[in-house]
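Summary of structural features
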Amino acid sequence: MIKQNNNYLIMKNFTKEKIIAILKDNTQNEWLFSLADEIRKENVGDEVHLRGLIEFSNICKRTCKYCGLRCENKEIDRYRIQPDDIIKYSQKAVEMGYKTIVLQSGEDEYYSCDVMCEIIKGIKNLDVALTLSIGERSFDDYKAFKDAGADRYLLRIETTDKDLYKQMHPYMDFDNRIRCLKDLKTLGYELGTGCLVGLPNQTVESLADDILFFNKIGADMVGIGPFIPHPNTPLKDFKTGDFTLALKVMALTRIIMKDINIPATTAMETLNPNGRIIALQSGANVVMPNVTTREYRAKYEIYPGKICVNEEPSQCRHCIEAKIKSIGRIISKTKGFHKTC
Ligand code: SAH
């Protein structure tokens, strides 16, 4: 079914130039998405891994220009979920059938190394895989989290364009982000990274670099999402990222990296009511339903219009399960590690 006569097919090596050409050419999109879907099926099968996402604190010391959690946003109602409650919510997610818990937050120093280790150990007692997504930390912290039982870490590079990175992340250091990713890899985590698509001044050329970067750093998971302007950030008047372009970056990542885990991101569903299903049919094999209780959901507003803010965890589970089954895919019963796929 792969079009034999298509020029792109004969490409063995995806050079930057070739990736740019594909990203710029919108006449072959359907072909690109179906190729990514085939490669997904061949390499990771029809199983979809569900990761239960707990957004446990929206307090953040950073000032990322695109993000609603940035510390300079005074309009947001801040919260922190206490360690015992995080473990309790994880337990509920495990009872619902989740095999992985993802803990995500702003960069909140309240959760010191010791506090995080206590949470990690509590969750690992539940016989579940654990992913952390809590930003930049020291090598020693990452090591302590790993020793306490954390399995995976998500830290998007956001963009590999150093100038753009600097514009988007005041007071942050691109090299430190790379240091974090390398430390995580060295420590044996399954490494998740990814990028935003549609940031102001972002070029297609730099998106091609992003894709090549994911491969070079040896990512086990790659999350790609369109940029969505938040009204209480300096980027409020900029254009929303393009759904199709984000989908193309994701599809190309699947085609190049073949057997990694790729989530159908929530930001995609925010821009298109069927966004996650479209993503699952264009290379993705993971979904991260929200298992945070309703009282906190609307407050974790990294961007506006986030889906499911009025729902409780069990509703999200049932809704996404039905959608996944409706396209002939299977809910995985395994922990869904990259290496054992
Ligand atoms: N503090 C953690 C988690 C950040 S939130 C960390 O630094 O890794 C998770 C992701 O949300 C970010 O990596 C970013 O890519 C995405 N995000 C933030 N603001 C966004 C926006 N306005 N539109 C789309 N995605 C956004």
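Before reading on, note that the structure itself is shown above.
Presented here is an overview of the structure given in this document. (Residues numbered from 1 in each chain as written. Predicted model: local features only at pLDDT ≥ 70, side-chain atom pairs only at ≥ 80, totals over all residues. Heavy atoms only, no water.)

So, the nonpolar core
- Of all hydrophobic cores here, the largest spans 103 residues; its most connected members are Leu103, Met116 and Phe145.
- Here this core takes 11 residues from helix H9 (residues 243-257), the largest share from any one element.
- Once residues lying within four places of it in the same chain are set aside, the contact partners of Met116 are Phe56, Leu103, Tyr111, Leu132, Ile134, Arg137 and Phe145.
- With 6 residues, the next largest nonpolar core counts Val102, Leu154, Met221 and Met288 among its residues. (Core = buried A, V, L, I, M, F, W, Y, C linked by side-chain atoms within 4.5 Å. Buried < 20%, exposed > 50% of the residue type's maximum accessible area, 1.4 Å probe, protein only. Helix = DSSP H or I, 4+ residues; strand = E, 2+ residues; numbered from the N terminus. Contact = heavy atoms within 4.5 Å.)

Examining the side chain of His230
- On the secondary structure map, His230 appears in the loop between strand S6 (221-226) and H9.
- Only 2.8 Å separates the side chain of His230 from the side chain of Glu301, close enough to count as a polar contact.
- Not counting the four nearest positions on each side in its chain, His230 is found in contact with Tyr66, Gly68, Asn73, Lys236, Glu301, Ile302, Tyr303 and Pro304. (Polar contact = N/O pair within 3.5 Å; in protein donor to acceptor, adjacent residues only side chain to side chain.)

Digging into the environment of Leu181
- With respect to the helices and strands, Leu181 occurs in helix H7 (residues 174-186).
- As for Leu181 and Ile157, which are separated by 24 residues in sequence, their C-alpha atoms are 8.4 Å apart.

Details of the packing of helix H1 (residues 16-24) against helix H8 (residues 204-217)
- Where H1 meets H8, the axes come as close as 9 Å, and the angle between the chain directions of the two elements is 125°. The angle between the axes of H1 and H8 places the two elements in the oblique class. When the axes of H1 and H8 are compared, the crossing they make is right-handed. In this structure, H1 contributes Lys16, Ile19, Ile20, Leu23 and Lys24 to the contact, and H8 contributes Val204, Glu205, Leu207, Ala208, Asp209, Ile211 and Leu212. (Axes fitted to C-alpha atoms, helices over the stretch in contact; angles between N-to-C directions. Parallel < 35°, antiparallel > 145°, perpendicular 65-115°, else oblique. Left-handed = near helix turned anticlockwise from the far one by under 90°.)

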